[in-house]
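Survey of secondary and tertiary structure
Here is how the chains run, residue by residue.
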Amino acid sequence: MHRFALKIYGCQMNVYDGDKIRTTLVDRGWKESAEDEADLVILNGCSIRDKAEQKVWSDLGRFAVRWANERKPAVAVTGCIAQSVGRRMAARFPWVRFVSGPRHIGAVPDALERLFPEENGEKSGGKEEAIFLLDDDPRAFLELPGAPTERVNRWRAFVTIAHGCDNFCSYCIVPYVRGRFVSRSAEDILEEIRTLATDGVLEITLLGQNVNSYGSDFSNGYGFSSLLRDAAVRTGVRLLRFVTSHPRDFTPDIVDAMAEHADILCPSINLPIQSGSDRILKMMNRGYTLEQYRAAVSSIRDRLPDVGLTTDLIVGHPGETDEDFECSVRALREFRFDLVHSAAYSPREGTSAAAREDQIPRDVKMARLNEINSIQSVIAREINESLVGRRFRVLLDDAAPRGEGLLQGRTPSDKVVLVESGEELLGRFVSVEITGGENWCLNGRVLHVEN
Ligand code: SAH
Ligand code: SF4
Ligand code: F3S
């Protein structure tokens, strides 16, 4: 029996993939253990920005002493980072024995077992070579079948509905590491949701880089709103969310489906604006103008007045002038998002923006990022304070990171709420009254517990 430790970095897609790998290994008799007892450490890493990559590089360095003494653990680098810099990691650290990009996830469990040949009764055959699963074909995708029943969280799960992305935004590495856009079959998705619901999952988040274009590669007219409706009525799941929506492809039928099934489809939408300047949006290849973005927001807020609207914003894209940056500041003030995932532009090898000569100096990017963050923290606090006294139905699904006796859940609009409670309320739906609003979360008290 092999012991493995799994560390997941990056977005929910990596969490989903990590949960799937864990589930398959446990089904095959592997045991999950602490990192310092593991024979194999899997690092499922992210490449979206340099900072995300650096986390994995620095984690890798930590295995040197144990490797020198025990020849353990073997390290497997998986996820988006494996596709981008996995070979370099294996060249630098001898304990990196396995590298697999996200499109090869279906082959990972078998290949990991090949890392321990003697214990399988085979001979290792002298010097062991590292295993690389890095096909260059961006259309190839090997599914790993089965629902992720061994999860990071017992009540909450993710289900990827489409792999890859065809949009090639100027700054983004995702199409290079995750490959072309491919929708999963609706029946597979619905079946997976049913399996998870039977396994006790109460809330599922559907994942895709551009969920609205789900089905655009089918020829039967079945699209994202069809999937939302089917998932709401045909699977038994109690709450459904989704990320990420692309502003260019956000169509009214999606909001219609949300309004029709408001008890299950949570009114929360992440609609990444990326910039408030039309000039920069064009350079970014985003495919919409600020005016078109504004129209999408209006159609959402008209139909779903209590919607939680979040966004992603990049500052310091090559060529961004002070005037362009001011457009982004004005956009934040105009749209008053509940949350902004802000980032300083980070050049990614192979992307078109990285090759531009008009890169913005680091100190300018950081100053712009600080300004955005301080403006948004005031807006978020104002919105959150305005919710004091409101009541929401909340699934308590985790211990709060900040202290004993606190549990957390999310409002339908996806705001984190902290409540004082013992663990007995984990996995329960409760009615919560909001007692306070902070920048990043709400505080509340439990009024009553649903049966
Ligand atoms: N598919 C989603 C985003 C996926 S990547 C969309 O189209 O919006 C998640 C976020 O990371 C992006 O929204 C963007 O804000 C940020 N990001 C991506 N590449 C980046 C880069 N090179 N530098 C800084 N932030 C980046
Ligand atoms: Fe990246 Fe753009 Fe695709 Fe989002 S839509 S994953 S930002 S290329
Ligand atoms: Fe990172 Fe890959 Fe997600 S690069 S943000 S883990 S799609």
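Please refer to the structure placed before this passage.
Residues numbered from 1 in each chain as written. Chains lettered and ligands numbered in written order. Predicted model: local features only at pLDDT ≥ 70, side-chain atom pairs only at ≥ 80, totals over all residues. Heavy atoms only, no water.

In this section: the site of ligand 1. As a matter of local geometry, ligand 1 sits amid 15 residues, with Y171, Q209, Q274, D312 and S346 nearest to it. Note that an oxygen atom of ligand 1 is positioned 2.7 Å from one of the side-chain N or O atoms of Q274. Note that an oxygen atom of ligand 1 is positioned 3.0 Å from one of the side-chain N or O atoms of R286. Protein contact buries 89% of the 540 Å² of open area that ligand 1 shows by itself. Broken down by secondary-structure element, the contributors of at least two residues to the shell around ligand 1 are β13 (308-315) and β14 (339-344). (Near = heavy atom within 4 Å. Polar contact = N/O pair within 3.5 Å; in protein donor to acceptor, adjacent residues only side chain to side chain. Areas by Shrake-Rupley, 256 points an atom, 1.4 Å probe, with all protein chains shown as cover. Helix = DSSP H or I, 4+ residues; strand = E, 2+ residues; numbered from the N terminus.)

Here we come to the sheet that holds strand β2 (residues 31-32). Pairing in this open sheet of six strands is parallel, and the strands run β2-β1-β3-β4-β5-β6 from one edge to the other. A single partner strand is all that each edge strand has here, and the edge strands are β2 and β6 (131-133). In the packing of helix α1 (residues 12-27) onto the sheet, contacts are made with β1 (3-8), β2, β3 (40-45) and β4 (74-79), and the angle to β1 comes to roughly 170 degrees. Packed onto the sheet, helix α2 (residues 50-61) meets β1, β3, β4 and β5 (96-100) and runs at close to 165 degrees relative to β3. (Pairing = 2+ DSSP bridges. Contact = heavy atoms within 4.5 Å. Axes fitted to C-alpha atoms, helices over the stretch in contact; angles between N-to-C directions.)

With that settled, consider the side chain of D17. Turning to its location among the elements, D17 is positioned in helix α1. When residues no more than four places from it in sequence are discounted, the contact partners of D17 are N44, P102, I105 and R178.

What follows concerns the environment of D302. With respect to the helices, strands and loops of the structure, D302 is situated in helix α11 (residues 290-303). Looking at D302, the relative accessible area reads 66%, which means it is exposed. For D302 and G164, which are 138 residues apart along the polypeptide, the C-alpha to C-alpha distance reads 31 Å. (Buried < 20%, exposed > 50% of the residue type's maximum accessible area, 1.4 Å probe, protein only.)

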